[in-house]
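Listed below are the residues making up each chain.
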Amino acid sequence: MHPLKFAQTRFLALIFLLWLGVFLLTRSLLLFSHLHEAQLGLGSTLTLYAGGLVYDLVFLLYAVAPMALYLLLCPARFWRSRWHQRVLNLVLTLSIFIMLFTAVAEWLFWDEFSVRFNFIAVDYLVYSDEVLNNILESYPVYPLLGVLALTAIAMTLALRGAMRSMAAAPVLAWRQRGTLVMGWALLFGLSLAVVGQGFPRSSGGNAYQHELAANGPYQFFAAFRNNELDYEQFYPVLPLQQVASQLRDEVREPNAHFVESDPLSIRRQIDNPGQPRRLNVILVTVESLSAKYLGSEGDTRGLSPELDALRKQSLYFRNLYATGTRTTRGLEAITLSIPPTPGRSIVKRVGRESGFASLGQQFSAQGYDSVFMYGGRGYFDNMNAFFAGNGYRIVDQASVPDDEVTFTNAWGMSDEDLYQQTLKVADADFAKGSPFFLQLMTTSNHRPYSYPEGRIDIPSGSGREGAVKYTDYAIGQFLRAARQKPWFANTLFVFVADHTAGSAGKEDLPVSNYHIPLFIYAPGVVQPAEVSTLASQIDIAPTLLGLLNMDYTSTFFGRNVLREDSAPGRALIGNYQHLGLFDGDNLAILSPRQLMRRHDDALGHSREMTAAQNDPLVARSIAYYEGASYDFGHALLGWHAEAQPKTRVSQR
């Protein structure tokens, strides 16, 4: 039988071809917008479209299956009824609308992240309130939906001839329907066995090419299944004895000794020299503050006058790299000092996010009031549960009286409002005689890039440049207000980014796109200087506690980079799939399917090659990531209050 002779198969073929056309158009538009980065020749272009077609067809096998089953089981008399033809026309219109909506959503998502749908898109669906408000404030959503609806109706009207032809075609006999269902089931099973989220995305080479070949809706649903990846199942491993030895060599310091017999445990007693200093600490994690935006790092747009001035008065770390591409990764690294384990961050692993030996727990053990302060509502990304379960009390938008909030957008209070709350909490702790550790997370430097009018010379909501300049302005205002406080002279101010504004590139882990600034500012306490040592966000906690001369029991994977006898620096960077270790020159990358690569001259020409476990840089990388996953999975990173040293703290 000729499959397109029959009514049901004609309708399904029409839906298939429309979807494939939309996918082809979307892929082509994304490709033409990134021709330079994709670096395609004729052969790689054909490979991209061939791989994309496989992804597209597999997605359609899944997506159209319910409709196909209905059409194949629908009684013949229904096909000839007028009401059924109207239903099919409505289904066609809705299908076209969904196709067009998906294409536009993919374009906007790519514009923000330069990748197809992934974990971020899944998270956006889970936290729909913030995300919906953000989208409504960032784009003309309702006019856009209206245009898409009108386009879908117009396309349906244009296809009236094809629909009439379909209605007049003969209907499949029951035996023919059974044959098609069996064929569909066979293809469905084959696709499950052959095509996964890692095909062909984890195969090395140009990351833009892999993303362009992928299918956005397919990746979206695959992300539901793969929000955590078992390290030993998907990534290269070494014998645990070798991991234990290598990992302890990585975290070993002259002033530390290991305190547990398990060779995979990195729990150790840190004895920092000198008299402990009872200094308050305000640690500000700034949304999306890439180092490239700073004038002192070469930007010529004048977006950061306050931070450029602050750099001259601070201990500035000019060779620091974020561990990941999301806020929760930055918070995880700063708070727990742990490399980015594959899948979603520990912050978001509901039910497994609490009980760790966090930075907040270390301060609380020394008598500090440890507070996590967030400009938005902390249920987003599970932040409140994470911080409350790891030694902090919470102050977020939900706990701030409405009359104390002067400006909000989809993500929460403006940075100015958050800093006002910070001053309020610091004043209250000072009045009680309690030292404080306040860990902030800002929101203003995020789409829709809106902020109070009249603060800077760039209108609110006009783009990233304005948000960066407002972020800088608010930091300056905050420090000016803090200098008037009686606790200012006894306080360390730490400013660091959670991640950069954009981490995508032609490589899976473009090192330069993870570069972030770190300032430690305390006039009269910390001498201004430039720290050139290569460092990671996981080094912030041990470096900060070392600066305060605190003794403590550590499960941190980071090191105090200010020690003169510190080992050479390294940076741990990753995204939800790929895990990397950068040694200042070269980068090792671990990927699903036990793939190992290295990029020599990672900040320059970045020559990619395959590698093996016996490569020293790869072995170091495996030790960090396999060790971190093992320690997390075997509860070796927990907070043991009874094991903490009884440190007597005094004024500086």
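Each chain carries its own residue numbering, running from 1 in the direction its sequence is written. Local features are withheld for residues below a pLDDT of 70 in this predicted model, meaning they are given only at 70 or higher, and side-chain atom pairs are given and counted only at 80 or more; totals for whole chains, interfaces and linings count all residues. Water and hydrogen atoms play no part in the side-chain values, which are based on all heavy atoms of the structure.

Draft legend 1. Geometry of helix α15 (residues 240–251). Each helix corresponds to a stretch of at least 4 residues labelled H or I by DSSP, and each strand to a stretch of at least 2 residues labelled E; elements are numbered beginning at the N terminus. Every helix has an expected span of 1.5 Å times one less than the residues it contains. Look at α15: 16 Å from first C-alpha to last across 12 residues, which is about the 16 Å you get at 1.5 Å a residue. Among the residues of α15, those classed as buried are Val243, Ala244, Leu247, Arg248, Glu250 and Val251. Along α15, the residues classed as buried sweep out an arc of 155° about the axis, all on the same side. For every residue, the accessible area obtained with a 1.4 Å probe (protein chains only) is divided by the maximum for its type, and the residue is called buried under 20%, exposed over 50%, and partly exposed between those limits. Taken from the helix axis, the directions to the C-beta atoms give the arc we talk about.

Draft legend 2. Expanded view of a nonpolar patch on the surface. Without a salt bridge and with relative accessible area above 30%, a residue can belong to a patch; like charges are then joined within 9 Å and nonpolar side chains (Val, Leu, Ile, Met, Phe, Trp, Tyr) within 5 Å. Computed by Shrake-Rupley with a 1.4 Å probe, the accessible areas treat only the displayed protein chains as cover when residues are assessed. One speaks of a salt bridge when a side-chain nitrogen belonging to Lys or Arg is within 4 Å of a carboxyl oxygen belonging to Asp or Glu. On the surface, Leu69, Leu73, Trp174 and Val181 cluster together into a nonpolar patch covering about 400 Å² of accessible area. Looking at the element boundaries, Leu69 is found in helix α4 (residues 65–73).

Draft legend 3. Broad picture of the packing of aromatic side chains. Working definition: a ring pair exists when centres of Phe, Tyr or Trp rings (six-membered ring for Trp) sit within 6.5 Å. Plane angles under 30 degrees give stacked, over 60 give edge-to-face, the rest tilted. Evaluation of the coordinates by the stated rule reveals 26 aromatic pairs. Here the aromatic rings of Trp19 and Phe23 are separated by 5.4 Å at their centres, their planes lie at 40°, and the arrangement is tilted. Of the two residues, Trp19 and Phe23 are both situated in helix α1 (residues 7–32); the distance of four residues between them amounts to about one turn of the helix. For Phe23, a relative accessible area of 4% gives the class buried. When the centroid spacing of 6.2 Å and the interplanar angle of 45° are considered together, the rings of Phe493 and Tyr521 count as tilted. Pair noted here: Phe493 is in strand β10 (residues 491–497) and Tyr521 is in strand β11 (residues 515–521), with a separation of 28 residues, a long-range link. Assigned by exposure class, Phe493 and Tyr521 land together as buried. Each member of the aromatic cluster is reached from another via a ring pair, and the members are Phe363, Tyr368, Phe372, Tyr374, Phe386, Phe387, Tyr392 and Phe437. Here the basic side chain of Arg248 rests over the ring of Phe258, its NZ or CZ set 4.2 Å away from the ring centre. Charge-over-ring contacts are defined here by two conditions on Lys NZ or Arg CZ: a distance within 6 Å of the ring centre and an angle within 35 degrees of the ring normal.

Draft legend 4. Broad picture of the sheet that holds strand β17 (residues 587–591). Across the sheet, five strands lie side by side as β15-β16-β17-β18-β19; this open sheet has antiparallel pairing. The two strands at the open ends of the sheet, each matched to only one other strand, are β15 (571–574) and β19 (607–610). This sheet shows a mean twist of 20° between the axes of neighbouring strands, independent of strand direction. One bridge is not enough; two strands pair if DSSP finds at least two bridges between them. Fitted lines through C-alpha atoms serve as axes, helices being fitted only where they are in contact, and the angles separating the N-to-C directions of these axes extend from 0 to 180 degrees.

Draft legend 5. Representation of the packing of helix α20 (residues 415–432) against helix α21 (residues 464–482). With their axes 9 Å apart at the nearest point, α20 and α21 run at an angle of 20° to one another. Relative to α21, the element α20 is oriented roughly parallel. For α20 against α21, the interelement crossing comes out right-handed. Together, Asp415, Glu416, Tyr419, Thr422 and Leu423 of α20 and Tyr470, Thr471, Tyr473, Ala474, Ile475, Phe478, Ala481 and Ala482 of α21 make up the contact between the two elements. Gly falls in the polar group here, along with every residue not listed as nonpolar (Ala, Val, Leu, Ile, Met, Phe, Trp, Tyr, Cys, Pro) or charged (Asp, Glu, Lys, Arg). Tallied by class, the residues present in the contact of α20 with α21 amount to nine nonpolar, two polar and two charged. Working definition: roughly parallel below 35 degrees, roughly antiparallel above 145 degrees, roughly perpendicular at 65 to 115 degrees, and oblique for all remaining angles. Note: crossing handedness is left-handed where the near helix turns anticlockwise from the far helix by less than a right angle, and right-handed where it turns clockwise. Contacts between residues were defined by any pair of non-hydrogen atoms, one from each residue, lying within 4.5 Å.

Draft legend 6. Broad picture of the pattern of salt bridges. Counted under the stated rule, the structure contains 26 salt bridges. With a closest N to O distance of 4.0 Å, Arg326 and Asp381 form a salt bridge. Taken together, the residues span a long stretch of sequence, with Arg326 in the loop between β4 (315–321) and α17 (327–336) and Asp381 in the loop between β5 (369–374) and α19 (383–388) at a distance of 55 residues. The class of Arg326 is buried, set by a relative accessible area of 15%. Classification of Asp381 as buried rests on a relative accessible area of 2%. For Arg455, the salt bridge goes to Glu416, with nearest N and O atoms at 3.0 Å.

Draft legend 7. Quick peek at the pairing of strand β16 (residues 579–582). Going residue by residue along β16, you find Leu579 and Leu581 tucked away on one face and Gly580 and Phe582 tucked away on the opposite face as well. Relative to β16, β15 is paired through four bridges, and the arrangement is antiparallel. Bridge pairing in β16 links Leu572 to Leu581. Where β15 folds back onto β16 in an antiparallel hairpin, the turn is made up of four residues. Here β16 hands over to β17 after four residues, with Gly584 in that stretch at a positive phi of 105°.

Draft legend 8. Quick peek at the environment of Tyr521. For Tyr521, a relative accessible area of 3% corresponds to the buried category. Between the C-alpha atoms of Tyr521 and Ser314, which are 207 residues apart in sequence, the distance is 4.6 Å. Residue contacts for Tyr521: discarding those within four places in its chain leaves Leu310, Gln313, Ser314, Leu479, Arg483, Phe488, Thr491, Leu492 and Phe493. A distance of 3.1 Å separates a polar atom in the side chain of Tyr521 from a polar atom in the side chain of Arg483. Counted as a polar contact is a pair of N or O atoms within 3.5 Å, where, for protein atoms, one must be capable of donating a hydrogen and the other of accepting one, and residues adjacent in sequence contribute only when both atoms are in side chains.

Draft legend 9. Representation of the side chain of Ser304. With respect to the helices and strands, Ser304 occurs in the loop between β3 (280–286) and α16 (305–313). Those residues in contact with Ser304, other than ones at most four positions away along the chain, are Tyr293, Leu294, Gly295 and Asp472.

Draft legend 10. Just the confidence of the model for the chain, in detail. The pLDDT averaged across the chain works out to 89; a share of 91% of its residues lies at or above 70. For every residue, the predictor assigns a confidence score, pLDDT, that lies between 0 and 100. Note on residues 647–652: pLDDT is under 50 here. Beyond four places in sequence and across chains, it has 20 contacts.

Draft legend 11. Molecular detail of the nonpolar core. Take the buried Ala, Val, Leu, Ile, Met, Phe, Trp, Tyr and Cys residues and link them wherever side-chain atoms come within 4.5 Å; each set so joined is a nonpolar core. The biggest cluster of nonpolar side chains holds 123 residues, and the ones touching the most others in it are Phe363, Leu492, Phe493 and Phe495. Here this core gets nine residues from one element, more than from any other, and that element is helix α23 (residues 616–633). Setting aside residues no more than four positions away along its own chain, Phe495 makes contact with Val284, Leu310, Tyr419, Ile475, Phe478, Leu479, Pro517, Leu518 and Phe519. Among the nonpolar cores identified, the runner-up in size contains 35 residues, and Leu18, Leu20, Phe23 and Ala169 belong to it.

Draft legend 12. Region of the structure containing the sheet that holds strand β2 (residues 268–270). With antiparallel pairing, three strands are arranged side by side in an open sheet as β1-β2-β14. Each edge of the sheet is formed by a strand with only one pairing partner; in this case those strands are β1 (256–258) and β14 (552–554). Averaged over all pairs of adjacent strands, the angle between their axes in this sheet comes to 30°, without regard to strand direction. Sheet topology note: the β1/β2 ladder contains three bridges and is antiparallel. Looking at the pairing, Phe258 lines up with Arg268 of β2.

Draft legend 13. Region of the structure containing the side chain of Ser370. Checked against the element boundaries, Ser370 lands in strand β5. In this structure the side chain of Ser370 is engaged in a polar contact, spanning 2.9 Å, whose partner is the backbone oxygen of Gly360. Those residues in contact with Ser370 that sit more than four places away from it in its chain are Gly360, Phe363, Ser364, Gly391, Tyr392, Arg393 and Phe437.

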